[in-house]
Amino acid sequence: MTRNVAIVGGGQTNWGDRKATWKDLAQEGGKATFDAIPDVGPEDIEGLFVGAVQPERFANQTHVAPMVAELLGIDVDEMIARTELACASGQAALRYAWLAIAAGQLDVALVLGVEKMNLGREHMPEVQSSMANVLDREFDGVNGLAAPPFFAWYAQRHMHEYGTTREQLSLVAAKNKTNASKTEFAQFQSEIDPDEITDSPEIAPPLHLYDCSGITDGAAGVILMSEEKAREVTDTAAWITGSGQSSMAGNSINNLPSFDGWPQARKASQSAYDQAGIDDPLAEIDVAEIHDCFSISEIIEYEELGFAEEGKGGQFIEDGRSYIDGDVAVNPRGGLLGCGHPLGATGVSQALEITQQFQGTVTDDRQVDNPTTGLLHNLSGSGSVHSVMVLDRNQR
Amino acid sequence: MTDTTDSNSGKRERISVPEEIELPRLLDFYDLQTEDQTQIHEFYDNLQEGQLTTTQCCDCEEIHFPPRIVCPECTGDNLEYVELPHEGELFAFSEVRGGLPLGLSEHDVPYVVAAVDLGPIKLSARIDDASYGDLEIGDPVELKIVEIDGPADHKRFFYRFVPQR
Ligand SMILES: CC(C)(COP(=O)(O)OP(=O)(O)OC[C@H]1O[C@@H](n2cnc3c(N)ncnc32)[C@H](O)[C@@H]1OP(=O)(O)O)[C@@H](O)C(=O)NCCC(=O)NCCS
Ligand SMILES: [Zn+2]
């Protein structure tokens, strides 16, 4: 890649069951982003990338990137687009902004992720049915295969193949939910201990309510800049040193592998590590924001992202290696389990967390000790696609 | 100052939107199944006749599921329908107790949904007449074909599985 690109900062709304519309959230998220970086305003934005998964279903609105441009008063002269890659839509937006700046097309981009998901309790089944269409709707969604039972299969198969235990799932969920108790904007802010996970109702066994991310309204924004511009606004930024993606030729059940691993996560991370010059991810990565849409996901990701041996993800949490003061701080923000998961906003918020971890601006309790290298990971849909970014406090 | 009264002089005209609508076609998970609507109608025709089938490529012999009109292995379009076994094994399963999708929330709850290994292919399916606690990985299941009531003007069919006795 030709030019260095940095995430210089950003902001986000409060996340949860919000008394707010999609447009309200977009405005709040945009304001929070510009407020956080006083030297950057709407007039500076040359590229606008909006991560949004189902505005058509949840807000009955399409063509949402121009909607954001209008709401935030941004005249876009270089690039504007909305990205949709299910749960990785936010990271997809980051990736396009990065490429556009690296290629010299533009110098300053706003990436905003927005999702409105809570439509009132009585409409929850409609929301759930809208989310069951990320697999092949005609042959999989039709069977009521929404995310919780699908990821329950992974938990069941991982237990079956590798002896992963119910307790290990609970340790992940309790770690992330407890981390989120220190995160101002998070949806679920209470400290939770592992026993409480299995006391919560069973949603799709072996997964309980507290093994699941939430149904969340929220927005998050970050500003990406070329090196020249970034130097004008901050001393400490998150430089994008690697970005990889891998998608298999499969999105429906017959065409996925064995439901106990994600080979695409391994491939995507390997390509990002190669670009970033990372040989030993466990030794070199200090802070990782990875896609814990369900507790089992994080265990599988320890393995595929190169932190743990195949089948040893459960042991990795049991040995305490992914806590904030462990070998690699995984999901200090609280993850999707604690912060909630406003689909299009998640990847953007994860990137912001790593940037703020570098800048030392998160609350003390969740600050990782002097991190210099960070990892961002999202899976999407059936887990057939994985997206990975490496961020560094120092440019390469 | 401008005049701030509206043109109704106090009496508001009422406009209305329907309070309830039937399950809208676009939220109905089951596809339309006839020749007019889909080029894989033969899959559904065969299902109506009691056969679970899928496409196989005549050029490279790849068996697909779901059925296709273009072979993803060789991009050929010379495909034929072949029968699939009506018996298979549970590869993975769960039971949906919370977070129920629309149209399933009033009946059928909780329901078991599984990855069924049929040998040549795997597919996802509802497992009827079963509950989570009674099932294990590897349990044998057999095909059951159901007819669908719902917002379509033709008869529609789908496959499910039940535990083998
Ligand atoms: C797990 C899930 C089905 C629960 O939904 P639900 O059964 O409608 O739950 P409710 O909204 O009735 O919540 C019940 C209570 O638990 C709380 N709660 C809901 N989800 C929670 C979660 N994930 N973690 C902790 N608490 C949660 C609610 O705040 C509520 O508390 P209250 O009774 O004090 O108000 C839903 O959150 C879900 O689908 N999560 C996964 C989202 C998803 O699939 N994302 C895509 C991932 S790939
Ligand atoms: Zn072929």
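Reading the values: rules and limits
- Residues numbered from 1 in each chain as written.
- Chains lettered and ligands numbered in written order.
- Predicted model: local features only at pLDDT ≥ 70, side-chain atom pairs only at ≥ 80, totals over all residues.
- Heavy atoms only, no water.
- Helix = DSSP H or I, 4+ residues; strand = E, 2+ residues; numbered from the N terminus.
- Buried < 20%, exposed > 50% of the residue type's maximum accessible area, 1.4 Å probe, protein only.
- Contact = heavy atoms within 4.5 Å.
- Donors = N, O, S within 2.8 Å, 3.2 Å for Na, K, Ca; no water.
- UniProt positions renumbered as here; feature names shortened; annotations may be inferred.
- Near = heavy atom within 4 Å.
- Polar contact = N/O pair within 3.5 Å; in protein donor to acceptor, adjacent residues only side chain to side chain.
- 1 Å grid on protein atoms, 1.4 Å probe; cavity = no way out; pocket = protein on both sides within 12 Å on 5 of 7 lines; lining within 4 Å.
- Sits in = over half its atoms within 2 Å of the grid points.
- Nonpolar A, V, L, I, M, F, W, Y, C, P; charged D, E, K, R; others polar.
- Domains from an automatic or database assignment.
- Buried area = accessible area lost by both parts, 1.4 Å probe.
- Points joined across faces, edges and corners; volume = space filled by probe spheres on them.
- Salt bridge = Lys/Arg side-chain N within 4 Å of Asp/Glu carboxyl O.
- Core = buried A, V, L, I, M, F, W, Y, C linked by side-chain atoms within 4.5 Å.

1. A word on the overall build of chain B
Now for step 1: For chain B, the count of helices and strands is 1 helix and 7 strands.
Now for step 2: Helices and strands in chain B line up, N terminus first, as α-β-β-β-β-β-β-β.
Now for step 3: For the C-alpha atoms alone, the extent of chain B along its principal axes is close to 80 × 45 × 30 Å.
Now for step 4: Within chain B, the fraction of its 165 residues that count as buried is 43%.
Now for step 5: For chain B, the proportion of contacts with a sequence separation of at least 24, taken over those separated by at least 6, is 53%.

2. Side note on the coordination of the zinc ion (ligand 2)
Now for step 1: Looking at the metal site, the zinc ion (ligand 2) is ligated by Cys57 of chain B (SG), Cys60 of chain B (SG), Cys71 of chain B (SG) and Cys74 of chain B (SG), spaced 2.3 to 2.4 Å from it.
Now for step 2: The sequence motif formed by the donor residues of the zinc ion (ligand 2) is C-x2-C-x10-C-x2-C.

3. Some details on unusual backbone geometry
Now for step 1: With an omega of 10°, the peptide bond between Pro205 of chain A and Pro206 of chain A qualifies as cis.
Now for step 2: Structurally, Pro206 of chain A can be placed in the loop between β5 (202-204) and β6 (207-208).
Now for step 3: Along the chain, Phe65 of chain B connects to Pro66 of chain B via a cis peptide bond; the corresponding omega equals -5°.
Now for step 4: Looking at the element boundaries, Pro66 of chain B is found in the loop between β1 (53-57) and β2 (79-83).
Now for step 5: Positive phi, normally seen in glycine, also occurs at Glu61 of chain B, with a value near 70°.
Now for step 6: In this structure, Glu61 of chain B sits in the loop between β1 and β2.
Now for step 7: Judged by its relative accessible area of 60%, Glu61 of chain B falls in the exposed class.
Now for step 8: Here the phi dihedral of Thr75 of chain B falls at roughly 60°; this positive angle occurs in a residue that is not glycine.
Now for step 9: Structurally, Thr75 of chain B can be placed in the loop between β1 and β2.
Now for step 10: For Thr75 of chain B, a relative accessible area of 65% puts it in the exposed group.

4. A word on the UniProt feature "domain: Thiolase N-terminal" (unreviewed entry) in chain A
Now for step 1: In the numbering adopted here, UniProt assigns the feature "domain: Thiolase N-terminal" (unreviewed entry) to residues 5-228 of chain A.
Now for step 2: Helix makes up 40% of residues 5-228 of chain A and strand makes up 18%, while its end C-alpha atoms are separated by 9 Å.

5. Comments concerning the site of ligand 1
Residue and element names in this part refer to chain A.
Now for step 1: Looking at ligand 1, there are 18 residues lining it, with Arg121, Gln128, Lys177, Cys212 and Ser213 nearest.
Now for step 2: Separating an oxygen atom of ligand 1 from a side-chain N or O atom of Arg121 is a distance of 2.9 Å.
Now for step 3: Backbone polar atom of Cys212 to a nitrogen atom of ligand 1: 2.7 Å apart, as the coordinates give it.
Now for step 4: In this structure, ligand 1 is accommodated by the largest pocket.
Now for step 5: Counted by class, the shell around ligand 1 contains 11 nonpolar, 5 polar and 2 charged residues.

6. Quick word on the domain arrangement of chain B
Residues and elements named next belong to chain B.
Now for step 1: Split into domains, chain B comes out as domain 1 (35-84) and domain 2 (86-165).
Now for step 2: The C-alpha centroid of domain 2 is placed 21 Å from the C-alpha centroid of domain 1.
Now for step 3: Counting residues at the interface gives 12 residues for domain 1 and 13 residues for domain 2.
Now for step 4: Between domain 1 and domain 2, a total of about 1100 Å² is buried, with carbon and sulfur atoms accounting for 77% of that surface.

7. Thoughts on the UniProt feature "domain: Thiolase C-terminal" (unreviewed entry) in chain A
Now for step 1: The UniProt record marks residues 252-393 of chain A with the feature "domain: Thiolase C-terminal" (unreviewed entry), using the residue numbering of this structure.
Now for step 2: Between the end C-alpha atoms of residues 252-393 of chain A there is a gap of 39 Å, over a span that is 39% helix and 15% strand.

8. Details of the layout of surface pockets
Residue and element names in this part refer to chain A.
Now for step 1: Estimates place the volume of the largest pocket at around 910 Å³.
Now for step 2: Contributing to the lining of the largest pocket are 43 residues, with Gln128, Cys212, Ser213, Gly214 and Ile215 lying nearest its centre.
Now for step 3: Looking at the lining of the largest pocket, the elements that each hand over two or more residues are α5 (124-131) and α6 (147-162).
Now for step 4: The class makeup of the residues in the lining of the largest pocket is 28 nonpolar, 12 polar and 3 charged.

9. Structural notes on the interface of chain A and chain B
Now for step 1: Facing the 34 residues of chain A at the interface are 40 residues of chain B.
Now for step 2: Linking chain A to chain B there are 2 salt bridges.
Now for step 3: Of the charged contacts, one joins Glu202 of chain A and Arg97 of chain B as a salt bridge, the two residues approaching to 2.4 Å between their closest N and O atoms.
Now for step 4: Looking at the side of chain A that touches chain B, the elements with two or more residues in it are α5, α6 and β5 of chain A.
Now for step 5: Per element, the largest residue contribution to the side of chain A that touches chain B is 6 residues, and it comes from α6 of chain A.

10. As for the nonpolar core
If you look at soluble globular proteins, the nonpolar side chains tend to sit buried side by side.
Residues and elements named next belong to chain A.
Now for step 1: Core analysis: the biggest nonpolar cluster contains 58 residues, and Phe150, Tyr302, Phe307 and Leu375 have the highest contact counts within it.
Now for step 2: In contact with Leu375, not counting residues within four places along its chain, are Tyr273, Ile285, Val287, Ala288, Glu289, Ile290, Leu305, Phe307, Ile354, Val388, Met389 and Val390.
Now for step 3: Counting residues in each nonpolar core, the second largest holds 36 residues, with Ile7, Ala100, Val222 and Phe358 among its members.

11. Focus on the pattern of salt bridges
Oppositely charged side chains can pair when the atoms bearing their charge come close.
Residues and elements named next belong to chain A.
Now for step 1: Tallied over the entire structure, the rule returns 21 salt bridges over all chains.
Now for step 2: The residue Glu56 makes a salt bridge to Arg82 at a minimum N-O spacing of 2.6 Å. Of the two residues, Glu56 sits in helix α2 (residues 55-58) while Arg82 sits in strand β3 (residues 79-83), which places them 26 residues apart along the sequence.
Now for step 3: A salt bridge links Glu289 to Arg333; the shortest N-O distance between them is 3.0 Å. Of this pair, Glu289 sits in strand β9 (residues 287-289) while Arg333 sits in the loop between β10 (329-330) and α14 (335-339), and the two are 44 residues apart along the sequence. There is no split in this pair, since Glu289 and Arg333 are both buried.
Now for step 4: Through salt bridges with shared partners, a single ionic network connects Glu184, Glu353 and Arg366.

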